[in-house]
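# Descriptive structure summary
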Amino acid sequence: MKITIIGTGYVGLVTGACLAELGNDVFCLDLDVQKVALLNSGGIPIHEPGLEEVVARNRAAGRMTFSTDVEAAAAHGVMQFIAVGTPPDEDGSADLQYVLAAARGIGKYMTDFKVIVDKSTVPVGTAEKVRAAIQGELDARGVAATFSVASNPEFLKEGAAVEDFMRPDRIVIGVDATPDGERARELLKSLYAPFNRNHERTYWMDVRSAEFTKYAANAMLATRISFMNELANLADKVGVDIEAVRHGIGSDPRIGHSFLYAGCGYGGSCFPKDVQALERTARGHGQELLILRAVEAVNDQQKQVLGRKVVARFGEDLTGRHFAVWGLAFKPNTDDMREASARVLLADLLGRGATVAVYDPVAMAEARRVLQLDLTPEQLAKVRFADSPKDALQDADALVIVTEWKAFRSPDFEQVKARLKQAVVFDGRNLFEPAVMAENGIEYHGIGRSILTRA
């Protein structure tokens, strides 16, 4: 099947590469000349395990093309996937300018039937706006081509996106109950048939419900995270081990174990903006989503929890103190620094006069870029980008762990102690067991793991 992917960001590139892997002829459109040049030279603009190999394999096989040619893109695929960014607007709503620009580009050049698939995360009602944008271009040209707009939200985890796409737990597709919608349904059914050979994974629904499903899923996951973080903060005060609590409640099949890990807050491109966008949608209809307001507030505060723990241990004025920071990306297996907790922590430590040495296995280049935006030149001068985890530790007053990279899970604790000026660890992701740290002579501060000693 001939497929056009509009946008070669995180969602678009993964979608295009994986659909090409299944034998489809994929044309990837992006208006960023430098990004297209990078892709055509064999590089990729994001870090995602396994993606570079899939792209290279399908480029070599002639199943992936990268271009800035809008007309060629519109002509190529009967399926036109819109996978552009929907960043938060000033009021928290999703900014649809790139989605609608993509729709107008299709309408400006299409000559025959197309299925336009909204792959971007978009608010309820976006399909109608896309339809109107395309129809407006067709009317302006006097062209009577027919089309259908479908919704096919993505459920990809950064760091495991290729695996998630190739082995999905569900495929959500919304189509209209019209003849063109039925035609779109058959084409999408054919496209996704390889994923349903073992058992049916596709959930068919109306377009608006599909759009809503994506926001509802991310809002639920964000809620679970903030719920556990709030309980973890209380656990610290009352002498409870939040990890024991997690196992206790996660064993209930109605609750489950996933997304119950306490930590220093969620970040990334999805949860923060999607929670805000859903809240904004509700306010537009005269409703307040009180739970989601609390979820967002808890997360904002949780990103400050490591800074508060450092201050409680070393004092408000950190002048003359030096800290090692392991992990900068918002989660492991990605270089994504959007809404990362490390950005909040570094601004706090540096603002109090400290110096830092930072290390991340993948996100160092991206960290240099975003920290230039976050920090003053004076603060940035107090940041040393270390060559390794061990290098970051040298002469630090304490180690602060922000991202749960596997490479951080089993360090040589004797070397950690030898390089630190003080054997103090602040663990923002609860990688280590308090008892093990005590056995190794390390003062340990986890999230919800400061168990009080009882007589």
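In this text the structure is predicted, and so the values were computed from the model without any measurement.

## Section: the packing of helix α1 (residues 10–21) against helix α3 (residues 51–60)
With their axes 9 Å apart at the nearest point, α1 and α3 run at an angle of 50° to one another. Judged by the inter-axis angle, α1 sits oblique to α3. Our pair here, α1 against α3, has a crossing hand that is left-handed. Facing α1, whose interface residues are L13, V14, A17, A20 and E21, α3 presents L51, V54, V55, R57 and N58. By residue class, the composition of the contact of α1 with α3 is seven nonpolar, one polar and two charged.

## Some points on the sheet that holds strand β14 (residues 443–445)
The strand order across the open sheet formed by six strands is β11-β10-β9-β12-β13-β14, and the pairing between neighbours is parallel. A single partner strand is all that each edge strand has here, and the edge strands are β11 (383–385) and β14. Here the average twist between neighbouring strands, direction ignored, is 20°. Sheet topology note: the strand β9 (residues 322–326)/strand β12 (residues 398–401) ladder contains four bridges and is parallel. Within β12, the residue paired with F323 across the bridge is A398. Packed on one face of the sheet, helix α14 (residues 341–351) meets β9, β10 (355–359), β11 and β12 and runs near 155° to β10. Contacts between helix α15 (residues 364–374) and the sheet are confined to β10 and β11, with β11 contributing the most and set at about 160° to the helix.

## Considerations on the UniProt feature "domain: UDP-glucose/GDP-mannose dehydrogenase C-terminal" (unreviewed entry) in the protein chain
If you check UniProt for "domain: UDP-glucose/GDP-mannose dehydrogenase C-terminal" (unreviewed entry), the listed places come out as residues 324–434 in our numbering. The span residues 324–434 shows a helical share of 35% and a strand share of 17%, and its end C-alpha atoms are spaced 20 Å apart.

## With respect to empty space enclosed by the protein
On inspection of all chains with the given rule, the structure shows one cavity of 30 Å³ or more. In this structure, the largest cavity occupies an estimated 40 Å³ of space. Considering the residues around the largest cavity, the lining is formed by D118, S120, T121, V122, S151, P153, E211 and K214. Grouping the amino acids of the lining of the largest cavity by side-chain chemistry returns two nonpolar, three polar and three charged.

## Re helix α9 (residues 207–238)
Counted at 1.5 Å a residue, the expected span for α9 with its 32 residues is 46 Å, and the 47 Å between its end C-alpha atoms agrees. The backbone nitrogen of R208 lies 3.3 Å from a side-chain oxygen of the residue at the head of α9, namely D206. The first or second residue beyond α9 is G239, which carries a positive phi of 80°.

## Quick word on the pattern of salt bridges
For the coordinates displayed, the defined rule picks out 27 salt bridges. A salt bridge links D30 to K35; the nearest nitrogen and oxygen atoms lie 3.8 Å apart. D30 gets classed as buried once you look at its relative accessible area, which sits at 12%. We note a salt bridge from D348 to R352, for which the minimum N-O separation is 2.8 Å. Using a relative accessible area of 22% as the deciding quantity, one classes D348 as partly exposed. Look at the salt bridges and you will find they share partners, linking D241, E433 and R449 into a network.

## Quick word on helix α6 (residues 126–141)
Compared with the 22 Å implied by 1.5 Å per residue over 16 residues, the 23 Å span of α6 between its first and last C-alpha is a close match. Of the positions making up α6, those classed as buried are T126, A127, V130, A133, I134 and L138. In a view along the axis of α6, the buried residues occupy a sector of 130°, so they form one face of it. Exposed residues on α6 whose side chains face more than 90 degrees from its buried face are A132, D139 and A140. For α6, the elements touching its buried residues are β4 (79–82), α5 (97–109), β5 (114–118), β6 (147–151) and α9. Where α6 terminates, the next one or two residues include G142, which has phi positive at roughly 70°.

Here is what the cut-offs are and how they apply
- Residues numbered from 1 in each chain as written.
- Predicted model: local features only at pLDDT ≥ 70, side-chain atom pairs only at ≥ 80, totals over all residues.
- Heavy atoms only, no water.
- Axes fitted to C-alpha atoms, helices over the stretch in contact; angles between N-to-C directions.
- Helix = DSSP H or I, 4+ residues; strand = E, 2+ residues; numbered from the N terminus.
- Parallel < 35°, antiparallel > 145°, perpendicular 65-115°, else oblique.
- Left-handed = near helix turned anticlockwise from the far one by under 90°.
- Contact = heavy atoms within 4.5 Å.
- Nonpolar A, V, L, I, M, F, W, Y, C, P; charged D, E, K, R; others polar.
- Pairing = 2+ DSSP bridges.
- UniProt positions renumbered as here; feature names shortened; annotations may be inferred.
- 1 Å grid on protein atoms, 1.4 Å probe; cavity = no way out; pocket = protein on both sides within 12 Å on 5 of 7 lines; lining within 4 Å.
- Points joined across faces, edges and corners; volume = space filled by probe spheres on them.
- Expected span 1.5 Å × (residues − 1).
- Polar contact = N/O pair within 3.5 Å; in protein donor to acceptor, adjacent residues only side chain to side chain.
- Salt bridge = Lys/Arg side-chain N within 4 Å of Asp/Glu carboxyl O.
- Buried < 20%, exposed > 50% of the residue type's maximum accessible area, 1.4 Å probe, protein only.
- Arc of directions from axis to C-beta.

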